[in-house]
Amino acid sequence: MKNVFRIKLLAYTIVGLSLFSACQKKEEIKKPNIVFVMSDDHAYQAISAYGHELNQTPNIDRIAKEGAIFNHGYVTNSICAPSRAVMLTGKHSFVNGKVDNLLPFNWNQDNFAKQLQGNGYQTAMIGKIHIDGLPQGFDYSNVLPGQGQYYNPEFIENGDIKKYHGYCTQITTNLALDWLKNKREQDKPFLLLYHQKAPHRTWMPEEKYLKLFEDTTFTPPANFFDNYDKRPVAAQHEMGIFEHMDLAYDLKMLDEEGEIQTRLRKHAQNMYNRMDSAQRAVWDAHYKPIIKEFKEKGMKGKELALWKYNRYMKDYLSTIQSVDDGVGELLDYLDKEGLAENTIVVYTSDQGFYLGEHGWFDKRFMYEESFRTPILMRYPKEIKAGTTVDQLIQNLDFAPTFLDYAGVDIPSDIQGESFRNIVNGKTEEWRDAIYYTYYEYPGEHNVQRHYGVRTDRYKLIHFYYDSDTWELYDLERDPSEMNNVYDDAAYAEIRKNIHEKLVEVRAKYGDSDEMDQKHLKRFLEAKNLKH
Ligand code: SGN
Ligand code: CA
């Protein structure tokens, strides 16, 4: 009798325990999956969900339609590798150390992927990361070396370099889907960083999209012919569509006869040479007639500027179409596998980009087009379809937000804040100002070092190093930032207040003139320059 009782007890205990562990497993599975999609240099002006008419991005738009769109998403430092370091660490550039594309990033420091990995997540990083060294925090990585290539790119799979045949955006999508289908452990929550190189310079479209915008004529933004009145630093730029875009390299006017000799022609040739004969045949069929017409026309001045702008837009927007397709493939996969409900999908870019505003391409400046970045997010479990977020959110906030959703304690040294309760509408309480820094000067595109603060309505910028220039904008009256009112007596009080705000945010995040000098020294040493 006693023995029977013991056996029964044992049996109940085993059943009980296994039920308990099954429940625990279920709890684990319930943790949301995270798919973090990032593209490179994707301007919000080139996403149809943002209400611009330039192109159609139905798949990216779907994220907003079924989730949320952020109207005030910003970066902290508008340049590639630093932006990614901020996104990973949740700390400003001057804290995580990766202040520009040149100086190294220390992978040994903490990042949110490491935190998730340590808390039961399976993690993968696929595509462009632009930070040297084996990515830490990822069970699997397959990343482009540096900037990567559009055609027949190399990828580094868990440290081993391998060449692929085809178009980079599609290959990146295939690799992400392959990981989801074949490398993912079904019983674990996952984090997938799916990061496209496109639409980064030199905007080489996929064969099938070469003609997508051929019949479209684009009208440039109203400030395309900006004269930089009262903005001497902006006037020093080297990112003008008219003045600095390279005909052969950026605009594909690599003529067979070699008559169009440009500074970057050699690089254009190298990119062309990467293509195989079938790819070249499609490429040539598209560009050869355009080259011929260009040469015949002999355009100058305003006509040439508008032609360049149009060629730029056609190529840039075409590369985005492949990015949008990839997002569609990914969303379809999540639907098909029944993963959509429990998966957070974020779409963003490493920063914004100029599409002719101020006459420019590129980024770096704290002006809206490059300071801002698109953010769209879907999580059916918590986010109401059609949500609009107007608060000042930064890429600094991704790390703590993801940890929050995953139920992982947010390390106290993380500087960003979780916006989970903003996007699900539980609170409206949020910061009233955001802080920005930029360091890559002297350097490509000639944008001075600067820092600044932005509130709902005003923006104060200080350019320093071999300039000491202040700019103040009233974004309500002057959303295109054409009128620097720093010396306008009518703004004296506002100027005083925003200066105080700047002191406050610099203190809050631990930035200072000494810090600026420290990073300047590191930069100049790395560049082997003397100050
Ligand atoms: C390259 C580009 C620049 C671009 C930087 C930074 N030149 O150097 O136009 O600003 O990258 O971009 S290119 O001749 O190589 O195309 S970032 O997105 O990587 O920060
Ligand atoms: Ca970029």
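Residues numbered from 1 in each chain as written. Chains lettered and ligands numbered in written order. Predicted model: local features only at pLDDT ≥ 70, side-chain atom pairs only at ≥ 80, totals over all residues. Heavy atoms only, no water.

1. Quick notes on the confidence of the model for the protein
Any segment with low pLDDT has predicted coordinates that should not be analysed in fine detail.
Item 1. Per-residue pLDDT for the protein has a mean of 95; in total, 94% of the residues score no lower than 70.
Item 2. When the criterion is pLDDT under 50, residues 19-29 qualifies, and its contacts beyond four places in sequence or with other chains add up to six contacts. (pLDDT = per-residue confidence, 0-100. Contact = heavy atoms within 4.5 Å.)

2. Some details on the coordination of the calcium ion (ligand 2)
Item 1. Each protein donor to the calcium ion (ligand 2) is listed here as Asp40 (OD), Asp41 (OD), Asp350 (OD), Asp350 (OD) and Gln351 (OE1); together their distances run 2.2 to 2.8 Å.
Item 2. Coordination at the calcium ion (ligand 2) is irregular: its six donor atoms span angles of 50 to 167° at the metal.
Item 3. Site description for the calcium ion (ligand 2): donor spacing in sequence, D-D-x308-D-Q. Of the two residues, Asp40 and Asp41, both sit in the buried class. (Donors = N, O, S within 2.8 Å, 3.2 Å for Na, K, Ca; no water. Tetrahedral: all angles 85-135°; square planar, octahedral: opposite > 155°, others 65-115°. Buried < 20%, exposed > 50% of the residue type's maximum accessible area, 1.4 Å probe, protein only.)

3. Here we look at the sheet that holds strand β14 (residues 450-455)
Item 1. If you trace the four strands from one edge of the open sheet to the other, you get β13-β14-β15-β16, paired in antiparallel fashion. At either margin of the open sheet sits one strand with a lone partner, and together these are β13 (433-438) and β16 (469-474). Across the sheet, the axes of successive neighbouring strands diverge by a mean angle of 10°, strand direction being ignored.
Item 2. Here β13 runs beside β14; their pairing, made up of six bridges, is antiparallel. Bridge assignment links Ala433 to a residue of β14, and that residue is Thr455. (Pairing = 2+ DSSP bridges. Helix = DSSP H or I, 4+ residues; strand = E, 2+ residues; numbered from the N terminus. Axes fitted to C-alpha atoms, helices over the stretch in contact; angles between N-to-C directions.)

4. Some words on the nonpolar core
As a rule of thumb, soluble globular proteins bury nonpolar side chains together.
Item 1. Judged by nonpolar contacts, the single largest core of 80 residues is most densely connected at Leu192, Met253, Trp307, Tyr312, Tyr316, Tyr347 and Leu376.
Item 2. Considering every element that reaches this core, the biggest residue donor is helix α11 (residues 301-336), with 15 residues.
Item 3. Mapped onto the domain boundaries, this core takes at least three residues apiece from domain 1 (35-204 + 314-429) and domain 2 (228-310).
Item 4. In this structure Leu192 touches Ile34, Val35, Phe36, Ala124, Ile126, Ala176, Trp179, Leu180 and Leu330, once residues within four positions along its chain are discounted.
Item 5. The next biggest cluster of nonpolar side chains, apart from the first, holds 42 residues, and it includes Trp107, Val143, Met377 and Leu403. (Core = buried A, V, L, I, M, F, W, Y, C linked by side-chain atoms within 4.5 Å. Domains from an automatic or database assignment.)

5. Notes on the packing of helix α2 (residues 58-65) against α11
Item 1. As a packed pair, α2 and α11 sit with axes 7 Å apart at the nearest point and diverge in direction by 50°. Taken together, the axes of α2 and α11 lie oblique to each other. Note on element contacts: α11 touches α2 through Asp324, Asp325, Val327, Gly328, Leu331, Asp332 and Asp335, opposite Pro58, Asn59, Ile60, Arg62 and Ile63. (Parallel < 35°, antiparallel > 145°, perpendicular 65-115°, else oblique.)

6. A word on the site of ligand 1
Item 1. Close to ligand 1 lie 18 residues, the nearest being Tyr249, Asp362, Arg364, Glu444 and His445.
Item 2. In the environment of ligand 1, an oxygen atom lies 2.7 Å from a nitrogen or oxygen atom belonging to the side chain of His445.
Item 3. Burial of ligand 1 by the protein amounts to 87% of the accessible area it has alone, namely 460 Å².
Item 4. Tallied by class, the residues present in the shell around ligand 1 amount to three nonpolar, six polar and nine charged. (Near = heavy atom within 4 Å. Polar contact = N/O pair within 3.5 Å; in protein donor to acceptor, adjacent residues only side chain to side chain. Areas by Shrake-Rupley, 256 points an atom, 1.4 Å probe, with all protein chains shown as cover. Nonpolar A, V, L, I, M, F, W, Y, C, P; charged D, E, K, R; others polar.)

7. A closer look at the domain arrangement of the protein
Item 1. As far as domains go, the protein holds domain 1 (35-204 + 314-429), domain 2 (228-310) and domain 3 (438-530).
Item 2. When each unit is reduced to the centre of its C-alpha atoms, the spacing between domain 1 and domain 3 is 26 Å.
Item 3. Contact with domain 1, which involves 30 residues of that partner, is made by 32 residues of domain 3.
Item 4. Buried area between domain 1 and domain 3, both sides added, is near 2600 Å², and the carbon and sulfur share of it is 60%.
Item 5. Considering only the surface of domain 1 that becomes buried against domain 3, Phe94, Arg364 and Met366 emerge as the three largest contributors, covering 30% of it.
Item 6. Linking domain 1 to domain 3 there are four salt bridges. (Buried area = accessible area lost by both parts, 1.4 Å probe. Salt bridge = Lys/Arg side-chain N within 4 Å of Asp/Glu carboxyl O.)

8. Quick look at the sheet that holds strand β7 (residues 160-163)
Item 1. Strand order in the open sheet formed by 10 strands is β7-β6-β5-β4-β8-β1-β9-β10-β2-β11, and the pairing between neighbours is mixed. Strands at the two margins of the open sheet, each flanked by one partner only, are β7 and β11 (387-389). Each neighbouring strand pair of the sheet contributes to a mean axis angle of 15°, computed without reference to strand direction.
Item 2. Here four bridges tie strand β4 (residues 122-127) to strand β5 (residues 140-143), and the two strands are oriented parallel to one another. Opposite Ile126, over in β5, you have Asn142 as the bridge partner.
Item 3. On top of the sheet, α2 reaches β2 (68-70), β9 (343-349) and β10 (375-378); it is set at about 65° to β10, its chief contact.
Item 4. Here α11 sits on the sheet in contact with β1 (33-39), β8 (190-195), β9 and β10, set at roughly 175° to β9.

9. Let's talk about the side chain of Arg372
Item 1. Structurally, Arg372 is set in the loop between α12 (368-371) and β10.
Item 2. Among the polar contacts listed, one links the side chain of Arg372 to the backbone oxygen of Asn71, at a separation of 3.2 Å.
Item 3. Ignoring anything within four residues of it in the chain, the contact list for Arg372 reads Tyr44, Tyr50, Asn71, Gly73, Tyr74, Gln351 and Gly352.

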